[in-house]
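# Analysis of the macromolecular model
Next come the chains, spelled out residue by residue.
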There are 2 protein chains.
Amino acid sequence: MKAAGLAGVIAGDTVISTVGKEGLDLNYRGYSIRDLAAHSTFEEVAYLLIYGKLPNVEELKAYTAKLVSLRSLPDGLKVTLEQLPANAHPMDVLRTGVSALGCLETENSFEEARDHADRLVASLGSMLVYWYHFANSGKRIEVESSESSVAGHFLDLLHGEAPSEDHRRCMDVSLILYAEHEFNASTFTSRVVTSTLSDYHSAIAAGIGALRGPLHGGANEKAMELIERFTDADEAEKELRDMLERKEKIMGFGHRVYRDSDPRSDIIKEWSLKLSQNSDKAFLYPVSERIEKVMWDEKHIFPNLDFYSASAYHYCGIPTAMFTPLFVISRVTGWTAHIIEERGVGKLIRPTADYTGPSPQAYPSIETRS
Amino acid sequence: MKAAGLAGVIAGDTVISTVGKEGLDLNYRGYSIRDLAAHSTFEEVAYLLIYGKLPNVEELKAYTAKLVSLRSLPDGLKVTLEQLPANAHPMDVLRTGVSALGCLETENSFEEARDHADRLVASLGSMLVYWYHFANSGKRIEVESSESSVAGHFLDLLHGEAPSEDHRRCMDVSLILYAEHEFNASTFTSRVVTSTLSDYHSAIAAGIGALRGPLHGGANEKAMELIERFTDADEAEKELRDMLERKEKIMGFGHRVYRDSDPRSDIIKEWSLKLSQNSDKAFLYPVSERIEKVMWDEKHIFPNLDFYSASAYHYCGIPTAMFTPLFVISRVTGWTAHIIEERGVGKLIRPTADYTGPSPQAYPSIETRS
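On a predicted model such as this, the values are computed, not experimentally measured, just so you know. (Residues numbered from 1 in each chain as written. Chains lettered and ligands numbered in written order. Predicted model: local features only at pLDDT ≥ 70, side-chain atom pairs only at ≥ 80, totals over all residues. Heavy atoms only, no water.)

### Let's talk about the overall build of chain A
As a reminder of what qualifies: A run of H or I in DSSP counts as a helix once it spans at least four residues, and a run of E counts as a strand once it spans at least two, with each numbered from the N terminus. For the radius of gyration, the atom set is restricted to C-alpha positions; the globular benchmark scales as 2.2 Å times the number of residues to the power 0.38. Exposure categories follow from relative accessible area, calculated using a 1.4 Å probe and restricted to protein chains: below 20% of the type maximum is buried, above 50% is exposed, and the middle band is partly exposed. Any pair of residues with heavy atoms lying within 4.5 Å of one another is described as a contacting pair. Note that accessible areas follow from Shrake-Rupley with a 1.4 Å probe, and for residues the cover is restricted to the protein chains shown. The sign given to each residue is positive for Lys and Arg and negative for Asp and Glu; His and the chain ends receive no count. Every charge is mapped onto a representative atom, which is NZ of Lys, CZ of Arg, CG of Asp or CD of Glu.
When helices and strands are counted, chain A shows 16 helices and five strands. Computed over C-alpha atoms, the radius of gyration of chain A comes to 22 Å, within 12% of the 21 Å expected from 2.2 N^0.38 for 370 residues, which places it in the range of a compact globule. Taking all 370 residues of chain A together, the buried fraction comes to 63%. In chain A, 74% of the contacts between residues at least 6 apart in sequence involve partners at least 24 apart. For chain A, the computed accessible surface area is about 13,200 Å², with 49% contributed by carbon and sulfur atoms. Distance between charge centres in chain A, computed from 39 positive and 53 negative side chains, equals 4 Å.

So this is what it looks like as structure tokens:
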């Protein structure tokens, strides 16, 4: 059996999420992404993915307090982050931070996976923003804040002040939407690493590396680069049609699994609209809408989660280079659920290849080589 | 199509190596592993894998000089390595070192892949041994040596003196044998990461994480832990039979692809025998041989490359925890060849899953949760 890109190959079972039988829906452990985005916080979703159930009042209180207590960074990690230059890719910084933390706080038994996951959920934002401020201004920030949520903590550290309620909740919803998506490339990477019985941080660092690519998590950054080239919708339409004529790839559209729409897109689109109304860059929203319309009219391709996340993040004051790292802060919960699930499978993931190279050839002594 | 562990699934084409139609042989780009181990140096094999051909006299001279020139470590990387404690897993150290180097010397264009590969071939040993000495004795070693080969350089830095010719060549042969093995789990991990169009260092760091697992590269360390429990062959046989009765897993035997023997095992076995003859731990060789015999008699399972590599490395004075990192120094050449090949495919690797979790369920308000 041969399948390029493993498209359509069922690589295993999962109880964590379904993208729906008709490719239309997304549930985390049976709960609709719409319900979770409307009623949950990211902390509840993280708990659902990592611990397997929605927390009750007491569990959520304890979990939130646990995450708040895990935000600090060991000195050795701070020194490491200080070595990474301002022009480093923030995904490379997070990959390095996670890898270094794995040396300082190694997973010594698979029983510890959930604790290491909580540590990362709590501290990935600290790592990213600590590095960002040190690299750009030389300032060593405190990585504590009075914000109780992961979303609020990140925005508070980034901007040095408490976020507005709208920005906090937009970020929270975004973290919910990005948390989990079955056997996508980064999750599958984490599962392949886990299948060798390697440790938690190796699997997460590998997932970060996969997510970095523009065909995966990097798409939201590419979408922003497109959107911010325009200041009005007509201009965007004209240029987009030219780009399509030149057969350029437009990022943030279509999906390997979904065929008609991405159920997450409408949710973040509403947030983009809402935040645009108080922004001096309100035009980014109609620009985005027009790009969506042209893509549908011309190619019948719909926006995926990445497309409207770009303008929503921009309205929250997030630098474009941090879009994919935010994806990490969220997806680490889904990766964790899959790592734990893969450990229950206990079988090495090792496909095979069709050899299409040279036939066996005699070994030439070095003097005879061309 | 469903396949646990992707066993037997053909995930793509490759021109880099074949494990042979009957699962008996191993060729790198058409050259038999036996010929390469008998006649080549690791530098020639690295060039073959990374550049696609065996180098001629001039090319090999230039390539060897290039590798010698790339051994030094940037200050920021040294500081990072100094933060990692002596009890860190050396694979975690290499993973972190590669990740940090990716921040300091980022791959900005896919054209650069081969240069970054050469940098890692040349400097992975420097990273590993720099950290090892600093963490264990606080000494900041020079990472230059007068040895011209990767094998000799590593042994010289580790022991602080030039290696014997036998140790140098045993290490060289071992690096040749470990360099490449088709779509094994770590190589496949690197290809999945690469398929998102991510960067070189992300793919390599991910491969290191996968190789760390005891079902993959970690097997040579587990083999050593078994072998060194015994001081004579009869004792080993008795205990091994007890272990088999208790259905314990014996590492370093069998292979997902090979069915009757691992062509690499005989080659490194000869080196283990040769080096045992001048060692005060000569008994490790007959112990290993007896374990091989019992495994064959009882289970009809043959030793793979990892099993005799364990005693051979031990005879070269290598600490057990460095066995898998040595595998990295070699396999980075094969990973690189596959990363370059996968970039030519240009298709996201994204399998799917069978959902076996809860049916869609109504969202419970937090007060109603158990």
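This is not the end of the story, as more comes after the structure.
### Here we look at the domain arrangement of chain A
Residue and element names in this part refer to chain A. Note the threshold: Residue ranges assigned to the domains are those given by an automatic or database domain assignment. Here the quantity called buried area is the accessible surface, traced with a 1.4 Å probe, that two parts lose on coming together, added over both. Criterion for a salt bridge: a side-chain nitrogen of Lys or Arg within 4 Å of a carboxyl oxygen of Asp or Glu.
Examined at the domain level, chain A breaks down into domain 1 (33-213 + 325-345) and domain 2 (220-315). On a C-alpha basis, the centroid separation for the pair domain 1 and domain 2 is 27 Å. Taken residue by residue, the interface counts 18 residues in domain 1 and 17 residues in domain 2. Of the roughly 1,600 Å² buried between domain 1 and domain 2, counting both surfaces, carbon and sulfur atoms make up 66%. Across the domain 1-domain 2 interface, the total number found is one salt bridge. Across the pair Lys274 and Asp166 runs a salt bridge, and its minimum N-O distance is 3.6 Å.

### Remarks on the relation of the copies chain B and chain A
The relation between the two copies of this chain is a rotation about an axis and a shift parallel to it. Applicable threshold: Alignment of copies: least-squares fit on C-alpha atoms of residues with pLDDT of at least 70 in both copies.
Take chain B, turn it by 180 degrees, move it 0.0 Å along the axis, and it overlays chain A with an RMSD of 0.0 Å. Read as a symmetry element, the transformation amounts to a two-fold axis. Considering only C-alpha atoms, the residue of chain B closest to the rotation axis is B:Ala206, which sits at 2.1 Å. Residue by residue, 100% of the interface of chain B is reproduced at the interface of chain A, so both copies engage with the same surface.

### Describing the nonpolar core
Condition: In these notes, a set of buried Ala, Val, Leu, Ile, Met, Phe, Trp, Tyr and Cys residues joined through side-chain atoms within 4.5 Å is what counts as a nonpolar core.
Counting residues in each nonpolar core, the largest one holds 222 residues, and the members touching the most others are A:Phe154, A:Ile291, A:Ile318, B:Phe154, B:Ile291 and B:Ile318. Sequence-distant contacts of A:Ile291, defined by excluding residues within four places in its chain, comprise A:Leu226, A:Ile227, A:Phe230, A:Ala236, A:Leu240, A:Phe253 and A:Phe307. Ranked by size, the runner-up nonpolar core spans 18 residues in total, among them A:Ala3, A:Val9, A:Ala353 and B:Phe183.

### Remarks on the packing of aromatic side chains
Which entries qualify depends on this criterion: For Phe, Tyr and Trp, where Trp contributes only its six-membered ring, two rings pair if their centres lie within 6.5 Å, and the inter-plane angle classes them as stacked under 30 degrees, edge-to-face over 60, or tilted in between.
Per the counting criterion, the structure on display carries 21 aromatic pairs over all chains. On the numbers, 5.2 Å between centres and 65 degrees between planes, the contact of A:Tyr313 with A:Phe323 is edge-to-face. Here the residue A:Tyr313 occupies a position in helix 15 (residues 305-315), and A:Phe323 occupies one in helix 16 (residues 323-345), the gap between them amounting to 10 residues. Residue A:Phe323 is classed as buried on the basis of its relative accessible area of 0%. Grouped by ring-pair contacts, the aromatic residues A:Phe183, A:Phe188, B:Phe183 and B:Phe188 constitute a single cluster.

### Some remarks on the pattern of salt bridges
Residue and element names in this part refer to chain A. Enumeration over the complete set of coordinates arrives at 64 salt bridges over all chains. Note that Glu105 and Arg119 form a salt bridge whose closest N and O atoms lie 2.9 Å from each other. A residue pair is termed long-range when its members are at least 10 positions apart, and Glu105 in the loop between helix 5 (90-104) and helix 6 (113-137) and Arg119 in helix 6 qualify at 14 residues. Here Arg119 falls in the buried class, since its relative accessible area comes to 10%.

### Notes on the layout of surface pockets
Our working rule: Buried and open spaces are told apart on a 1 Å grid over the protein atoms alone, a cavity being a set of points where a 1.4 Å probe fits but cannot get out and a pocket being an open set with protein on both sides within 12 Å along at least five of seven lines. Residues with an atom within 4 Å of a point are the lining residues. Grid points are joined across faces, edges and corners, and a volume is the space filled by probe spheres set on the points. Lys, Arg, Asp and Glu make up the charged group, whereas Ala, Val, Leu, Ile, Met, Phe, Trp, Tyr, Cys and Pro make up the nonpolar group; the residues left over, Gly among them, are polar.
Of the pockets and cavities examined, the largest pocket occupies roughly 720 Å³. In terms of lining residues, the largest pocket is bounded by 33 residues, among which A:Leu215, A:Phe253, A:Gly254, A:His255 and A:Asn304 are the most central. Looking at the lining of the largest pocket, the elements with two or more residues in it are helix 14 (284-299), helix 15 and helix 16 of chain A. Across the lining of the largest pocket, the residue classes tally to 14 nonpolar, nine polar and 10 charged. Per-domain counts for the lining of the largest pocket show at least three residues from each of domain 1 (33-213 + 325-345) and domain 2 (220-315) of chain A. Reported here for the second largest pocket is a volume of approximately 550 Å³. Lining the second largest pocket are 27 residues, with A:Leu348, B:Leu215, B:Gly254, B:His255 and B:Arg256 positioned closest to its centre. For the lining of the second largest pocket, the secondary-structure elements that each account for two or more residues are helix 15 (305-315) and helix 16 (323-345) of chain B. Broken down by class, the residue content of the lining of the second largest pocket amounts to 11 nonpolar, nine polar and seven charged. Summarising the domain contributions, the lining of the second largest pocket has at least three residues from each of domain 1 (33-213 + 325-345) and domain 2 (220-315) of chain B.

### Some points on the sheet that holds strand 2 (residues 17-18) of chain B
Residues and elements named next belong to chain B. For clarity, the threshold we go by: When DSSP finds at least two bridges between two strands, those strands are taken to pair.
Spatially, 2-3-4 is the arrangement adopted by the three strands of the open sheet, whose pairing is antiparallel. Looking along the sheet, the strands with just one partner apiece sit at the ends: strand 2 and strand 4 (31-32). Here strand 3 (residues 27-28) pairs with strand 4 via two bridges, running antiparallel. The residue of strand 4 that forms the bridge with Asn27 is Ser32.

### A short note on the interface of chain B and chain A
Taken together, the contacts link 100 residues of chain B with 100 residues of chain A. Buried surface at the junction of chain B and chain A, summed over both partners, amounts to about 8,800 Å²; 60% is from carbon and sulfur atoms. Across the chain B-chain A interface, the total number found is eight salt bridges. A salt bridge links B:Asp199 to A:Arg212, with the nearest nitrogen and oxygen atoms 3.2 Å apart. No other element matches the nine residues that helix 5 (residues 90-104) of chain B contributes to the side of chain B that touches chain A. Looking at the side of chain B that touches chain A, its residues break down into 47 nonpolar, 35 polar and 18 charged. Bridge analysis of strand 1 (residues 10-14) of chain A against strand 5 (residues 352-355) of chain B gives three bridges, and the strand direction is parallel. For A:Ile10, the partnering residue across the bridge sits in strand 5 of chain B and is B:Thr352.

### Things to note about the sheet that holds strand 2 (residues 17-18) of chain A
Pairing between the strands of a sheet is mediated by backbone hydrogen bonds and can be parallel or antiparallel. The three strands lie next to each other as 2-3-4 (chain A), forming an open sheet whose pairing is antiparallel. A single partner strand is all that each edge strand has here, and the edge strands are strand 2 and strand 4 (31-32) of chain A.

### Let's talk about unusual backbone geometry
For A:Glu182, which is not glycine, the phi torsion reads 55 degrees and is therefore positive. You can see A:Glu182 is positioned in the loop between helix 8 (165-177) and helix 9 (185-195). Even without being glycine, B:Leu197 reaches a positive phi, approximately 70 degrees. Examined against the element boundaries, B:Leu197 turns out to sit in the loop between helix 9 (185-195) and helix 10 (200-211).

### As for the packing of helix 15 of chain B against helix 16 of chain B
Residues and elements named next belong to chain B. Note the cut-off: Fitting a line to C-alpha atoms yields each axis, with helices limited to the stretch in contact; the angle taken between N-to-C directions then spans 0 to 180 degrees. Orientation labels follow simple angle bins: below 35 degrees gives roughly parallel, above 145 gives roughly antiparallel, 65 to 115 gives roughly perpendicular, and whatever is left gives oblique.
It is at 11 Å that the axes of helix 15 and helix 16 come closest, and there the two elements cross at 105 degrees. One element, helix 15, and the other, helix 16, form an angle in the roughly perpendicular class. Of helix 16, the residues touching helix 15 (which contributes Asp306, Ala310, Tyr313 and His314) are Phe323, Leu326 and Phe327.

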